[in-house]
Amino acid sequence: MSLLQVKEVNHSYDSKKLFKWKEPLNKVLSNISFSIEEGTCLGLLGTSGAGKSTLGKVILGIQRPQQGQVLFQGYDIYNSDKHTQRKLRRDLQVVFQDSYSSVNPRMTAERIISEPLENYEKLSISEKRRKVISLLERVGLSEKDLKKYPHQFSGGQLQRINIARAISLKPKLIVLDESVSSLDMVTQRLILDLLRELKDDFGLSYLFITHDIKAAFSISDSLGVLEKGELIEFYHSKDHFFSSENPVVKQMRNSILVEHPRFRHFRPRSGVTNKESCQNI
Ligand SMILES: Nc1ncnc2c1ncn2[C@@H]1O[C@H](COP(=O)(O)OP(=O)(O)O)[C@@H](O)[C@H]1O
Ligand SMILES: [Mg+2]
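Here's a quick rundown of the structure. (Residues numbered from 1 in each chain as written. Chains lettered and ligands numbered in written order. Predicted model: local features only at pLDDT ≥ 70, side-chain atom pairs only at ≥ 80, totals over all residues. Heavy atoms only, no water.)

The next thing to look at is the sheet that holds strand S6 (residues 92-95). Read from one edge to the other, the open sheet built from six strands follows the order S6-S7-S8-S3-S9-S10, with strand pairing classed as mixed. Two strands bound the open sheet, and with one partner strand each, they are S6 and strand S10 (230-235). With direction set aside, neighbouring strand axes in the sheet form an average angle of 20°. Across four bridges, the pairing between S6 and strand S7 (residues 173-177) is parallel. Bridge pairing in S7 places Val94 opposite Val175. Most of the contacts of helix H1 (residues 52-60) go to S7, to which it runs at about 155°, and overall it touches strand S3 (41-45), S6, S7, strand S8 (205-210) and strand S9 (222-227). Contacts from helix H6 (residues 185-202) reach S3, S7 and S8 within the one sheet, and its direction differs from that of S8 by about 155°. (Pairing = 2+ DSSP bridges. Helix = DSSP H or I, 4+ residues; strand = E, 2+ residues; numbered from the N terminus. Axes fitted to C-alpha atoms, helices over the stretch in contact; angles between N-to-C directions. Contact = heavy atoms within 4.5 Å.)

If you want it as structure tokens, here you go:
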């Protein structure tokens, strides 16, 4: 059984206008079906406005689609009892693009990371602190960051804190919605390295939502291309992206090949571990 199954999902947002019936229906997702296997990363590529974030929200259980089903670990996330929904929420986490607006500016790193633990686990104060310290270290930060506030971190460091919070409950699936898109190239590479390491260490699965083909390539196992709300391509092996004859995919491919003529030879960096190289980013 697949970890996540999305079945024939359709969604349009309600028009806010008074004369709704005069508005053409804004269909954002059309008949979307795909699945994600345990321990794998699906990259979801698409241009701005393609419907990627809406699909992410549908999967996270925060945007009920007008039609279709989302099955997570075999349970329909919109039609299961409260107890199951609570368990599913624990196993399904998210990291958004904007690291600063994802956190409460008045909370210390310790409080930000321990929030999910407080909701789901009964730990003593010292157990909780030990756990938060080990999470900080796991994402390349340290105990001395415990009492810092969001404004005292760089964007990359704060994204590490968001990642620490997302992995604190050992979830099964993390939705990464443009999570590295606003970071500079070097920081982006380090965060991608970290995400790959965590995926392997914890057996995590990711839905990696992005408009960035290189980022998608460096982390994904399978790839989907969303265009105007339709999943126009789905490759079980990401390499098929390069042989696709689909005109939209060709256009995407051309845009990066023009920008980076040597991209054909692009491979994820190996060798230096994330922990070794991330301390000052
Ligand atoms: N809450 C909302 N209400 C109405 N329209 C929305 C809402 N969120 C997104 N949209 C519209 O849905 C379309 C897809 O948006 P989104 O899912 O954010 O795309 P992407 O993440 O691929 O850029 C856009 O046309 C956007 O304006
Ligand atoms: Mg988006």
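Still more ground to cover, so stick around.
Using the criterion set out here, one finds 12 salt bridges in the structure. The salt bridge involving Lys199 is made with Asp221; its shortest N-O contact spans 3.3 Å. Here Lys199 is found in helix H6, whereas its partner Asp221 is found in the loop between helix H7 (213-219) and S9, with 22 residues between them in sequence. Judged by relative accessible area, which is 32%, Asp221 ranks as partly exposed. A cluster of three or more residues bridged by salt bridges with shared partners is formed by Arg90, Glu121 and Lys131. (Salt bridge = Lys/Arg side-chain N within 4 Å of Asp/Glu carboxyl O. Buried < 20%, exposed > 50% of the residue type's maximum accessible area, 1.4 Å probe, protein only.)

The subject of this paragraph is the packing of helix H3 (residues 109-120) against helix H4 (residues 125-138). Look at H3 against H4: their axes get within 10 Å of each other, and the N-to-C directions meet at 120°. Where H3 crosses over H4, the two elements pack in a sense that is right-handed. Along its contact with H3, which presents Glu110, Ile113, Ser114, Leu117 and Glu118, the element H4 presents Lys128, Arg129, Lys131, Val132, Leu135 and Leu136. Looking at the contact of H3 with H4 residue by residue, the class counts come to five nonpolar, one polar and five charged. (Left-handed = near helix turned anticlockwise from the far one by under 90°. Nonpolar A, V, L, I, M, F, W, Y, C, P; charged D, E, K, R; others polar.)

Moving on, we come to the site of ligand 1. Taken together, the neighbourhood of ligand 1 is formed by Tyr13, Val28, Thr47, Ser48, Gly49, Ala50, Gly51, Lys52, Ser53 and Thr54. In this structure, Ala50 approaches ligand 1 through a main-chain N or O atom, which is 3.1 Å from an oxygen atom. The side chain of Ser53 places a nitrogen or oxygen atom 2.9 Å from an oxygen atom of ligand 1. Its residues placed into classes, the shell around ligand 1 shows three nonpolar, six polar and one charged. (Near = heavy atom within 4 Å. Polar contact = N/O pair within 3.5 Å; in protein donor to acceptor, adjacent residues only side chain to side chain.)

Here the focus is the layout of surface pockets. It is the rolling of a water-molecule-sized probe over the atoms that shows where space remains empty. Quantified by volume, the largest pocket comes out at close to 570 Å³. Lining the largest pocket we find 23 residues, and of these Leu60, Arg89, Leu92, Gln93 and Val94 sit closest to its centre. Where the lining of the largest pocket is concerned, the elements lending two or more residues are H1, helix H2 (82-91), S6, H3 and helix H5 (155-167). For the lining of the largest pocket, the residue count by class is 14 nonpolar, six polar and three charged. (1 Å grid on protein atoms, 1.4 Å probe; cavity = no way out; pocket = protein on both sides within 12 Å on 5 of 7 lines; lining within 4 Å. Points joined across faces, edges and corners; volume = space filled by probe spheres on them.)

Attention shifts here to the sheet that holds strand S1 (residues 4-13). Two strands in a sheet stick together by hydrogen bonds in their backbones, pointing the same way (parallel) or opposite ways (antiparallel). Overall, antiparallel pairing links the four strands, which are arranged S2-S1-S4-S5 in an open sheet. Of all the strands in the sheet, just strand S2 (26-36) and strand S5 (75-76) have a single pairing partner and so form its edges. Here S1 runs beside S2; their pairing, made up of seven bridges, is antiparallel. Looking across to S2, one finds that Tyr13 is bridged to Asn26. The sheet contacts of H1 involve S1, S2 and strand S4 (67-72), and relative to S2 the element is tilted by about 60°.

The next subject is the pairing of S3. Remark: a regular strand shows side chains that alternate across the two faces of the sheet. Burial within S3 is extensive, with five of its five residues counted as buried. Here four bridges tie S3 to S9, and the two strands are oriented parallel to one another. Each residue of the ladder has a partner; that of Gly43, found in S9, is Leu223.

Direction of pairing for S1 relative to S4: antiparallel, over a ladder of five bridges. The residue bridging Gln5 from the neighbouring strand is Leu71, located in S4.

Turning our eyes to something else, we now look at the nonpolar core. Core analysis: the largest hydrophobic core is formed by 48 residues, its most contacted members being Ile161, Ile163, Ile174, Tyr206, Phe208 and Phe241. Per element, the largest residue contribution to this core is six residues, and it comes from H5. Residues in contact with Phe241, not counting those within four places in the same chain, are Leu45, Ile213, Phe217, Leu223, Val225, Tyr235, Val249, Met252 and Arg253. Among the nonpolar cores identified, the runner-up in size contains 26 residues, and Phe34, Leu55, Leu60 and Ile77 belong to it. (Core = buried A, V, L, I, M, F, W, Y, C linked by side-chain atoms within 4.5 Å.)

Geometric values such as these leave the question of function open.
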